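So the chains spell out like this:
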Amino acid sequence: MRFTRRELIGAGIAGLAANGLPLPPSAKPKKAKNIIFCVADGMGIATLSMADQFQKIHHGRSSYWAQLLDQPDVVNALQETRSLNSLVTDSSAASSAWGSGRHIWNGQVNMFPDGTKLRTIANLMHSVGVRCGFVTTTTITHATPAGFGAQRMQRDMEEGIAEDYLAEGIEVIMGGGDKFLSATARKDKRDLYADFARAGYSVVRHKDELAKVRGGKVLGVFGLSHLPFTVDRDNDPALIASVPTLAEMAGKAISLLKGSRNGFLLQIEGGKVDHGNHANDLAAAVYDQIAFEEAVRVAVEFARKDGETLVVITADHATGGPALNGDGKEYIDSTAGLKTLARMRASYTPLIAEMGLSASPARVREVVEARLGIQLTADEGAMISEAIAGKWRTGGSKFERSVNSALGIVLGNHSRVQWTGGNHTSDHVLVTALGPGSEAFAGLTENIRMFDLMLAHKDLKWSNPTMSFADAAQHYEKIRGQVAREALHWE
């Protein structure tokens, strides 16, 4: 293979940057005016692989992220995902690592267990006139967006996280989470919608209302809690009419933020990818992954046209450990297994609701065939029916004792996709970057380094306090009984 002189010089410069060596003055990378940080929450490489493979066999084209991987202006790398207290992170610790440059305890948001608050990337960006936005398919106050702009002892303090956004003045906020803003749902009965409106925000609650917004600060909330899975939204005309896609929200956010004199920072989160993997729900995870990549397309197309925008695409951690397994003679049945996705028209959420709390094996089989296009055997129907009744056939593994895991195992007989569990995993995750400064993301990067890499584009340096695991563990023991914690993290 032959290389041009330009290619050799470019490869040498990229190598210097990747190894942390100084660049020649003439080769120093441009600083980005804008940064778009895209997060496929809970996406391990297997989810990306299956989304790509499914689109190739069903639509005859690669997934958008897969297309980016082989483009000459793109840097691909890996990211370490650990938190302060575990090799397996949760989303609040992961996003806070990006948002504060420090490893923190799982479940906390830019705080240490002793109450020390860490300055956030949104606050630092605001200090130099950069506008900020968060767009997500979860509640707007969930762990990943919160990691860029909130400080709370516990990620479940979502009412307080909403207040943090208002106090910080995050300019564009879109997703779900009405129950954390509405006076009728909040514990303190505070009408946070009214407070945002008084602070100059356009408050929108419907897809049509969002389309009419032309400028200024915007709070868009399109669901009581998280937004629906893509597979459910796309098969419900009422949801299609009322709930914007992640790509639509991303496009609107960019249109509102672009032109800012000092640039903007926008986080775009495909949060429901994680929820699908937690639930061992193939259709939920893969269709939301595809929807996330369409939002990435919007960001990349803007960045390439703009020329001053850095786009970073990554995940906070992997979830569920899914894999398409070899099956059949010479593994020929594996492809047919993934093709079953094309017949799936629902996530487990409406599926289980339609089965009912005392579903018979016959009812289970009826609903699965109607919603997913899969004909279960009598024994498979019985296994799910028993799981709904709280009886498990799944052996001694504590990771396989839920209705979702029973569904994942049984449906995996047909899709050939199986899961290691319903929790997060410690996998390194993919990083793809393009635009000014993208070469700095090459190699294997610790999650906390993202903070410094983003700040450098605004000539900002900030060193938050640090805490050792031993000290954090001592402080955490003191507050363990004071702070209500989730039994299972969904991010």
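Residues numbered from 1 in each chain as written. Predicted model: local features only at pLDDT ≥ 70, side-chain atom pairs only at ≥ 80, totals over all residues. Heavy atoms only, no water.

Below, the discussion takes up the confidence of the model for the protein chain. As a general rule, the predicted coordinates of low-pLDDT regions are not to be interpreted in detail. Across the protein chain, pLDDT averages 92, with 91% of residues at or above 70. The low-confidence segment residues 1-21 (pLDDT under 50) makes 11 contacts with residues lying over four places distant or belonging to another chain. (pLDDT = per-residue confidence, 0-100. Contact = heavy atoms within 4.5 Å.)

By convention here, two paired aromatic rings are described through the distance between centres and the angle between planes. A complete count under the given rule lists 9 aromatic pairs for this structure. Ring geometry for Phe196 and Tyr201: centres 4.9 Å apart, planes at 85°, overall edge-to-face. Taking the centre distance of 6.1 Å and the plane angle of 40° together, the rings of Phe264 and Phe302 count as tilted. Here the residue Phe264 occupies a position in strand S7 (residues 264-270), and Phe302 occupies one in helix H14 (residues 282-306), the gap between them amounting to 38 residues. Lying across the ring of Phe229, Lys272 places its NZ or CZ 4.0 Å from the centre. (Phe/Tyr/Trp six-rings, centres within 6.5 Å; stacked < 30°, edge-to-face > 60°. Helix = DSSP H or I, 4+ residues; strand = E, 2+ residues; numbered from the N terminus. Lys NZ or Arg CZ within 6 Å of the ring centre and 35° of its normal.)

What follows is about the packing of helix H16 (residues 348-355) against helix H19 (residues 403-415). Contact geometry of H16 with H19 gives a least axis separation of 12 Å together with a crossing angle of 105°. With respect to H19, the element H16 is oriented roughly perpendicular. Where H16 abuts H19, its residues Tyr348, Leu351, Ile352 and Met355 lie against Val403, Asn404, Leu407, Gly408 and Leu411. Per-class residue counts for the contact of H16 with H19 are 7 nonpolar, 2 polar and no charged. (Axes fitted to C-alpha atoms, helices over the stretch in contact; angles between N-to-C directions. Parallel < 35°, antiparallel > 145°, perpendicular 65-115°, else oblique. Nonpolar A, V, L, I, M, F, W, Y, C, P; charged D, E, K, R; others polar.)

This part covers the pairing of strand S4 (residues 172-176). For S4, a buried count of 5 out of 5 residues is recorded, marking the element as mostly surrounded by other parts of the structure. With 4 bridges joining them, strand S3 (residues 131-139) and S4 adopt parallel strand pairing. Bridging from a neighbouring strand, Val135 pairs with Met174 of S4. (Buried < 20%, exposed > 50% of the residue type's maximum accessible area, 1.4 Å probe, protein only. Pairing = 2+ DSSP bridges.)

With that out of the way, let us pick up empty space enclosed by the protein. In this structure the tally under the stated criterion is 2 cavities of 30 Å³ or more. As a volume, the largest cavity reaches approximately 80 Å³. Surrounding the largest cavity, 14 residues form its lining, Asn280, Leu282, Met344, Tyr348 and Leu411 being those nearest its centre. Ranked by residues supplied to the lining of the largest cavity, first place goes to H19 with 4 residues. (1 Å grid on protein atoms, 1.4 Å probe; cavity = no way out; pocket = protein on both sides within 12 Å on 5 of 7 lines; lining within 4 Å. Points joined across faces, edges and corners; volume = space filled by probe spheres on them.)

A few words now on the nonpolar core. With 44 residues, the main nonpolar core has Ile36, Cys38, Met174, Leu266, Ile268 and Ile313 as its most contacted residues. Put simply, the parts of the chain that give this core at least two residues each are strand S1 (34-40), helix H3 (64-69), S4, helix H12 (246-257), S7, H14, strand S8 (309-314) and strand S13 (429-434). No other element matches the 8 residues that H12 contributes to this core. Among all residues touching Ile268, those that are not within four sequence positions of it are Ile36, Phe37, Cys38, Val39, Val135, Leu246, Ala250, Phe292, Ala295 and Ala299. One finds Val109, Val130, Ile161 and Leu460 within the second-largest nonpolar core, a separate group that totals 43 residues. (Core = buried A, V, L, I, M, F, W, Y, C linked by side-chain atoms within 4.5 Å.)

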